[in-house]
Amino acid sequence: MTPDTDGLPNPLPRPPDELARLQAAWHQPGGWRWLSVVNNTQIGLLYIATAMLFLLLAGVLGLMMRAQLAIPDNALLSAATYNQVFTMHGTVMMFLFAVPIVEAIAVYLLPAMLGARDLPFPRLSAYAFWAYAIGGLGFFCSLFFGLAPDGGWFMYPPLTSREHSPGLNADFWLLGIGFIEISAIAGAIELIIGIVMMRPPGMTLRLMPIFAWSMLVTAMMIILAFPAIIAGTTLLEMERAFDWPIFEATRGGDPLLWQHLFWFFGHPEVYIIFLPAAGLVSTMVPTLLRTRLVGHDAIVMALFAIGLLSFALWAHHMFTAGLGSLSLSLVSAASLAIALPAGVQIFAWLATIWKGRVSFDTPTLFLLGFLFTFVLGGLTGVMVAVLPFDWQVHDTYFIVAHFHYVIIGGVLFPVFAALYYWAPLVNGHRFSEAMGRWVFGLMFGGFHIAFFPMHITGMLGMPRRVYTYSSDMGWNLLNLISSTGAAVLTAGVALFLFDLVRVARRTEQPHGNPWNAPTLEWVPFGDYGTRSIPQIDSRYPLWDHPALSHEIEQGRHWLPGTATGRRETLVTTAISARPSHILMLPGYGWLPLLAAVGTAGFFLLLTIQAITPAFALGAVAIFCVWKWLGGTDQAPPLRTAEAAAGVSLPIGAHGRASHSWWATVILLVVDTSVLASMAFAHLHVAMLADVCPPPGARLPAGGPLGLAGALFIGSATAWWWAGRGRDQAVLPRWRGILFVLAAGMAIAAFLLGLDAYRDAGLEPTRMGWSATIAALLSYQGFHGVLLTLIALHLTVRAWSGRISPMRRATYDNCALLWHYSCAQGIFIMVLPVLVAAWMR
């Protein structure tokens, strides 16, 4: 690239209709067709609005709980209703508000903050949102039919086994939450690829905004942690549906296995919620304090340290579960150690506040409230990390108080600060400062009135999850104070909603930069994002280059128009952010919405055992995804296009240069994490037995070798097709038959392994050891079906001439899935043999 005298890319000659063509390419549909939008601005706003709706719904449930506990011996809610209400309150807050709200804010802000036109998979964002919204609302409506889960938001067996929860209540939680977490994982994959590959030229990793760093760490944590809950819910649903005693102690299972799987997800989830909020704080503090952030690099390292340490803390919730003293001591030490990187961030923020000039506007008030509240929650966290103290307060209201101080202090206050801070981006108007101060006062005061007394209530012995209490326990006044505080907190949220409606009804105007912020999201933008993609050389680009916003709007930077007449954005290299290629993006369409309806309908109808309509909607989802994928990997109208004067970039990429290839790699990491969780379940159950295999069970003799051979041949066939067709203009049609044969090999391998275990006397309903092997085989069977669908998809593409050197990204991605699935099948067959040999 040849820069001009200002250090910018040489601007392209200005076609007179350049802006009109750009606007036409990014035109959004009107009327009811607006539901088919896929770009981040609209999807992000829908995402935020839906997450806030779930906050309100969970808040109403919380008020019902506090009304029930306001006075002793209250009969407002029955015990059964209270169990459903408190289970749904925790579930909705954690699964449908806390994680989705931070992903939603990221979907809305990150493309603009990174100077990109959109995220790399707009239809995936749309699908993830609609799946979350439809599935979440359907799940919540189970309350109105008496089918809401009632085993707590943690769903511990044996309370949630078929014996003790014979209805469909637990099934709604297991299938609904497992499905919703898949939506969160889809969003995490998009965010990782977007942050790593969609940064503007010059924005190296060291120049990347703190919020982008926090979301990158968070998304990687989601990829590693959330598969554990997907595996756990699958295993528990298998136990309930097929009577496989994976968690039943009387038949060789172990209920503690669920706690390991759940909290391996659950405790990192606390930091998955906190780290994005911390990123928002680190982004807002420099602007509101009018100074640069102190300790930028230290904060980034602290984010990674917290993310890493969080995976060592899952047994923090199991201190009273009977674990060994060495395990407890190590987890206790890790629970104390994680306070150090958290403290690095807090002291960096305090140093920035000391260095800057404080103006007590509403976002700043919420940030100060966050610091005060979160520090208190962190101090009680250190207290419960000390084993003797935790043994005294475990499962009391002290834990309820600590948890809410961390979640509301660490997430809700920063989110409200962000809503006040970034509100002008939506329609150009700020919230009322006068009302905002009242909102903060009511929320901050109401929160502490509600939850601080719970520390004392817990120390006095009030247990969690009780629907009433006797008047002679000494908790009457404290509970009444907590219920009053909850009402005050609700009044603050209601006043915020009133101001939100008032602002939303105002006429849209340019948002400007009312806070004089230094980050790129305040550059003027339209449906197409920014007019041109900027060249960056600073962490604070709008402060260090005051004319940058005007230059971007004038199209003086990269990709000022549309080279192909379609939606496009710039892809850069992962570390140095050098321009790599131009990526064509899809326009709006109905397929993501229809696929989400089909997927959500499949899981919800399967829960109520409406098998035929469930599979019909599942087929609709598969068809929509197939049509969606069929439109990808299109040949570009041009091989290259000018991104700046004298700089031509290729349009599209395949192999390791492709964003979709790396997304597939991340998907395989998710797949591996699910497999690792199921393998852990087998190892855990096997180690409980006196001998392995347990009495009455045995391993098959020759089945594993035959299965491994069939899988190896299938994978080799796929590899041969890839290598021989790499340089051909169009792959011969007959090559598609090879993939069908390879799929047949995979199915044959699964059936061979299943038959071998059946001959060996595998009875999943008889003992937990056999049930975990059956679960692993079922997971491989799912991959066999997946490989069959992939084979049919690639065969159709080969016969229609749509696989060539310029259009092979689909094949490259499918080949990764193929080889992994074959390797996984070999691992599943070998694992029980290795475990049994190790335990002899």
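Residues numbered from 1 in each chain as written. Predicted model: local features only at pLDDT ≥ 70, side-chain atom pairs only at ≥ 80, totals over all residues. Heavy atoms only, no water.

Draft legend 1. Representation of the packing of helix 2 (residues 40-69) against helix 3 (residues 79-113). Where helix 2 contacts helix 3, the axes come no closer than 7 Å and their chain directions differ by 155 degrees. By the angle class used here, helix 2 and helix 3 are roughly antiparallel. As helix 2 packs across helix 3, the resulting crossing turns out to be left-handed. (Axes fitted to C-alpha atoms, helices over the stretch in contact; angles between N-to-C directions. Helix = DSSP H or I, 4+ residues; strand = E, 2+ residues; numbered from the N terminus. Parallel < 35°, antiparallel > 145°, perpendicular 65-115°, else oblique. Left-handed = near helix turned anticlockwise from the far one by under 90°.)

Draft legend 2. Looking closely at the pattern of salt bridges. As enumerated under the stated definition, the model contains 13 salt bridges in all. When the shortest N-O distance is used, the salt bridge between R206 and D297 registers 2.5 Å. Residue R206 is found in the loop between helix 5 (169-197) and helix 6 (210-242), and its partner D297 is found in helix 8 (residues 296-309); the two are separated by 91 residues along the sequence. According to the relative accessible area criterion, R206 is exposed, its value standing at 56%. When its relative accessible area of 32% is taken as the criterion, D297 is described as partly exposed. The structure contains a network of salt bridges with shared partners spanning R162, D171 and R240. (Salt bridge = Lys/Arg side-chain N within 4 Å of Asp/Glu carboxyl O. Buried < 20%, exposed > 50% of the residue type's maximum accessible area, 1.4 Å probe, protein only.)

Draft legend 3. Spatial organisation of the pairing of strand 3 (residues 567-572). With respect to burial, strand 3 is a largely interior element, six of its six residues being buried. Here six bridges tie strand 3 to strand 4 (residues 579-585), and the two strands are oriented antiparallel to one another. Residue pairing for strand 4: V571 is matched across the bridge by H581. Hairpin connection, strand 3 to strand 4: the antiparallel pair is bridged by six residues, and A577 has positive phi, about 55 degrees. (Pairing = 2+ DSSP bridges.)

Draft legend 4. Main features of the packing of helix 5 against helix 19 (residues 591-607). For the pair helix 5 and helix 19, interaxial distance at closest approach is 9 Å and the crossing angle is 165 degrees. The pairing of helix 5 with helix 19 is recorded here as roughly antiparallel in orientation. As helix 5 packs across helix 19, the resulting crossing turns out to be right-handed. Contacts between helix 5 and helix 19 involve D171, F172, L175 and F179 from the first element and T599, A600, F603, L604, L606 and T607 from the second. A class-by-class count of the residues in the contact of helix 5 with helix 19 yields seven nonpolar, two polar and one charged. (Contact = heavy atoms within 4.5 Å. Nonpolar A, V, L, I, M, F, W, Y, C, P; charged D, E, K, R; others polar.)

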